[in-house]
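Survey of secondary and tertiary structure
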Amino acid sequence: MATALKLSDELVDVAKVAAAAEHRSVPKQIEYWARIGKAVLENPELPLRTVQDILLSREEVKAGHVSPYEFG
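Below or above, wherever it landed, is the structure these notes cover. Quick caveat, the model's predicted, so the values are computed rather than measured.

1. A word on unusual backbone geometry
Despite not being glycine, H23 shows a phi value in the positive range, around 60°. In this fold, H23 is placed in the loop between α1 (9–22) and α2 (26–42).

2. Side note on helix α3 (residues 48–62)
Here α3 contains 15 residues, and its C-alpha end-to-end distance of 22 Å stays within 8% of the 21 Å for a straight helix at 1.5 Å per residue. Among the residues making up α3, those that are buried are V51, Q52 and L55. The arc that holds the buried residues of α3, viewed along the axis, is 100°, so those residues lie on one side. Turned more than 90 degrees from where α3 packs its buried face, R49 and V61 sit exposed. On the buried face of α3, the contacting elements are α2. Note on α3: the residue one or two positions beyond its end, G64, has a positive phi of about 80°.

3. Quick word on the packing of aromatic side chains
If you walk through the whole model with that rule in mind, you get 1 aromatic pair. With 4.9 Å between their ring centres and 85° between their planes, Y69 and F71 make a pair best called edge-to-face. On the accessibility criterion, Y69 (64% relative accessible area) is exposed.

4. Things to note about the pattern of salt bridges
Counted according to the given criterion, the structure contains 5 salt bridges. One salt bridge connects K28 with E31, and the closest N-O pair in it is separated by 3.5 Å. With K28 and E31 both in helix α2 and 3 residues apart, this pair spans about one turn of that helix. In this structure K28 comes out as partly exposed when scored by relative accessible area, which is 46%. Residue classification places E31 among the partly exposed positions, given a relative accessible area of 42%. Here D53 and R49 are joined by a salt bridge, their closest N and O atoms 3.0 Å apart. Residue D53 and its partner R49 are both found in helix α3; the two are separated by 4 residues, about one turn of the helix. A relative accessible area of 35% places D53 in the partly exposed class.

Conventions adopted
Residues numbered from 1 in each chain as written. Predicted model: local features only at pLDDT ≥ 70, side-chain atom pairs only at ≥ 80, totals over all residues. Heavy atoms only, no water. Helix = DSSP H or I, 4+ residues; strand = E, 2+ residues; numbered from the N terminus. Expected span 1.5 Å × (residues − 1). Buried < 20%, exposed > 50% of the residue type's maximum accessible area, 1.4 Å probe, protein only. Arc of directions from axis to C-beta. Contact = heavy atoms within 4.5 Å. Phe/Tyr/Trp six-rings, centres within 6.5 Å; stacked < 30°, edge-to-face > 60°. Salt bridge = Lys/Arg side-chain N within 4 Å of Asp/Glu carboxyl O.

This is the structure we're talking about:
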């Protein structure tokens, strides 16, 4: 469900730059930042990079881009 929000021009301008660098739309960039921020707040003991890697791993599993790890 989409919801219209009023965002500051400054936030949108910063998001435009980040979105272009990450090949996302501006709304998807802001959504990504919100998801990362929520995950960091829920897991304050984890470094940001770890949170990002966990979110990426979840999406890889959903997309079926995983293979079993073989020990040894």
